[in-house]
Amino acid sequence: MESAQHTELVKPPAAGPKKTSPLYTRRVKTFMREVWRDRMSYLFLAPFMLCFAFFIIIPVFIAALLSVTNFNGIEFPRFVGFSQFIYMLTQDVVFMKYTLPNTLKFAIIVGPGGYLLAFVFAWLIHQLPKSIRDYFTLALYAPAMVGGVALSVVWAATFSGDQVGYLNNLLLRFGMIESPQLWLQDPKYLMIVMIIVTLWTSMGVGFLAMLGGLQTVNTELYEAGRIDGIKNSLQEVYYITIPSMKPQMLFSAVMAIVGTLKAGAISTQLTGVTITPNYTGHLITNHIDDYAFIRYEWGYASALSVVLLLLSYVLWRICFVLFGSKGEQ
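The rules behind these values
Residues numbered from 1 in each chain as written. Predicted model: local features only at pLDDT ≥ 70, side-chain atom pairs only at ≥ 80, totals over all residues. Heavy atoms only, no water. Helix = DSSP H or I, 4+ residues; strand = E, 2+ residues; numbered from the N terminus. Polar contact = N/O pair within 3.5 Å; in protein donor to acceptor, adjacent residues only side chain to side chain. Contact = heavy atoms within 4.5 Å. Salt bridge = Lys/Arg side-chain N within 4 Å of Asp/Glu carboxyl O. Buried < 20%, exposed > 50% of the residue type's maximum accessible area, 1.4 Å probe, protein only. 1 Å grid on protein atoms, 1.4 Å probe; cavity = no way out; pocket = protein on both sides within 12 Å on 5 of 7 lines; lining within 4 Å. Points joined across faces, edges and corners; volume = space filled by probe spheres on them. Nonpolar A, V, L, I, M, F, W, Y, C, P; charged D, E, K, R; others polar. Expected span 1.5 Å × (residues − 1). Core = buried A, V, L, I, M, F, W, Y, C linked by side-chain atoms within 4.5 Å.

### Digging into the side chain of serine 267
Moving on, step 1. Mapped onto the elements of the fold, serine 267 is located in helix H14 (residues 265–271).
Moving on, step 2. Looking at serine 267, its side chain comes within polar contact range of the main-chain oxygen of glycine 281, at 3.5 Å.
Moving on, step 3. When sequence neighbours within four positions are dropped, the list of residues in contact with serine 267 reads Met194, Gly272, Val273, Thr276, Gly281 and Asn286.

See below:
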């Protein structure tokens, strides 16, 4: 009798009704309920979301698909797997010898250089009285507002290879050179000219974001810093200013990356040709234009675009580690 009672006591309870809905189904239902609850917010976001999908997500997805095909724009794409990427790394001599080194050299100088100049000039303008601050901001931001055609006209006239060119005329007048220099045709000078022009136009949206971020820093932090032992402006910038405007610094870094990697058009605007002399100013965007619009090898051009996208993502992650908050990482 006791054993029977003991058996009844230790007998497990009857199992209840099993949950037949998978976890993802419940999450989808919860998400749909939240969307319906906030339907007005999603309605206002719809135009941006549609534009983002049609002009960013879908083109990136199509480029990723075409990167594993052989496609000339006329015939149906033929699947070739990763042979385009293997060719890029093993047989594309122009890409490995000129395009990739030029892109890295250009990005290393222009990216951090333009970013640093934008922060320095934004900080200097922030120190000026408010009555004249807007004039200096407009003067520095004006080159970024001018179209590429106008920039190419100004700088092409400056570095023209004849005596009429502004730089040649000035150097000849002071006796610094004996004959006009072909600044835009000489491989020794073209990359330097491209870097100068790009740095001159680097005061764009990132510069305005930094300037706006400086104006949002709480001035009481500077007073507290002086009490804690901060003695000069450099320490204020390092310990107070930069940590207080990390979102603006991150946004400016992303814009600097985008502007640097897409700056290959500047060589075409200066020289007037897609392929620069001896591939001196040949960046990855020029290589993509070469295969896409001259050779009509759209599959290989898409593979190059995917590599450019991956390079941008790696640089973005580095910037996110430097300027992103710990919670966001």
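### Observations regarding the pattern of salt bridges
Moving on, step 1. Counted under the stated rule, the structure contains three salt bridges.
Moving on, step 2. Note that aspartate 38 and arginine 37 form a salt bridge whose closest N and O atoms lie 3.3 Å from each other.
Moving on, step 3. In this structure, arginine 295 engages aspartate 290 in a salt bridge whose closest nitrogen and oxygen atoms are separated by 3.1 Å.
Moving on, step 4. On the basis of relative accessibility, which here comes to 39%, the residue arginine 295 falls in the partly exposed class.
Moving on, step 5. Under the relative-accessibility criterion, aspartate 290 is labelled buried at 4%.

### As for the layout of surface pockets
Moving on, step 1. By volume, the largest pocket amounts to about 720 Å³.
Moving on, step 2. Along its surface, the largest pocket is lined by 31 residues, and Thr198, Thr201, Ser202, Gly259 and Lys262 are the ones closest to its centre.
Moving on, step 3. Secondary structure elements with two or more residues in the lining of the largest pocket: helix H5 (93–126), helix H6 (130–145), helix H7 (148–158), helix H10 (205–216), helix H13 (246–261) and H14.
Moving on, step 4. For the lining of the largest pocket, the element with the most residues is H13, which contributes six residues.
Moving on, step 5. Roughly 620 Å³ of internal volume is contained in the second largest pocket.
Moving on, step 6. Lining of the second largest pocket is provided by 20 residues; of these, Val60, Ser305, Val306, Leu308 and Leu309 occupy positions nearest its centre.
Moving on, step 7. When contributions to the lining of the second largest pocket are tallied by element, the ones reaching two or more residues are helix H3 (39–66), H13, helix H15 (284–294) and helix H16 (298–323).
Moving on, step 8. For the lining of the second largest pocket, the element with the highest residue contribution is H3, accounting for eight residues.
Moving on, step 9. Across the lining of the second largest pocket, the residue classes break down as 15 nonpolar, four polar and one charged.

### Considerations on empty space enclosed by the protein
Moving on, step 1. The full count for this structure, using the stated rule, is one cavity of 30 Å³ or more.
Moving on, step 2. The volume enclosed by the largest cavity comes to roughly 40 Å³.
Moving on, step 3. Lining the largest cavity are Thr103, Phe106, Ala107, Thr260, Leu261, Leu283 and Ile284.
Moving on, step 4. Elements that contribute at least two residues to the lining of the largest cavity include exactly H5 and H13.
Moving on, step 5. If one sorts the elements of the lining of the largest cavity by residue count, H5 sits on top with three residues.
Moving on, step 6. Its residues assigned to classes, the lining of the largest cavity shows five nonpolar, two polar and no charged.

### Looking at H16
Moving on, step 1. The end-to-end C-alpha distance of H16, which contains 26 residues, comes to 37 Å, matching closely the 38 Å that a straight helix rising 1.5 Å per residue would cover.
Moving on, step 2. Among the residues of H16, Gly299, Tyr300, Ala301, Ser302, Ala303, Leu304, Val306, Leu308, Cys319, Phe320 and Phe323 are the ones counted as buried.

### Observations concerning the nonpolar core
Moving on, step 1. Residues Met88, Met210, Met249 and Leu304 are the most contacted members of the largest nonpolar core, which totals 33 residues.
Moving on, step 2. Breaking this core down by element, the ones donating at least two residues are helix H4 (83–90), H5, H10, H13, H15 and H16.
Moving on, step 3. Among the elements that take part in this core, H16 stands out by supplying nine residues, more than any other.
Moving on, step 4. The contacts of methionine 88, once residues within four sequence positions are left out, are Phe95, Met96, Tyr300, Ala303, Leu304 and Val307.
Moving on, step 5. Ranked by size, the runner-up nonpolar core spans 18 residues in total, among them Phe159, Leu171, Met191 and Ala263.

### Observations concerning the environment of glutamate 297
Moving on, step 1. Following the sequence through the fold, glutamate 297 ends up in the loop between H15 and H16.
Moving on, step 2. Put simply, glutamate 297 and asparagine 70 are 227 residues apart on the chain and 7.4 Å apart in space, counted from C-alpha to C-alpha.
Moving on, step 3. Not counting the four nearest positions on each side in its chain, glutamate 297 is found in contact with Phe71 and Tyr291.

### Some thoughts on the environment of phenylalanine 106
Moving on, step 1. Assignment of secondary structure puts phenylalanine 106 in helix H5.
Moving on, step 2. Separated by 154 residues in the primary sequence, phenylalanine 106 and threonine 260 have C-alpha atoms spaced 7.8 Å apart.
Moving on, step 3. Ignoring anything within four residues of it in the chain, the contact list for phenylalanine 106 reads Gly111, Met191, Met194, Ile195, Thr198, Thr260, Ala263 and Leu283.

In short, geometric facts, not functional conclusions.
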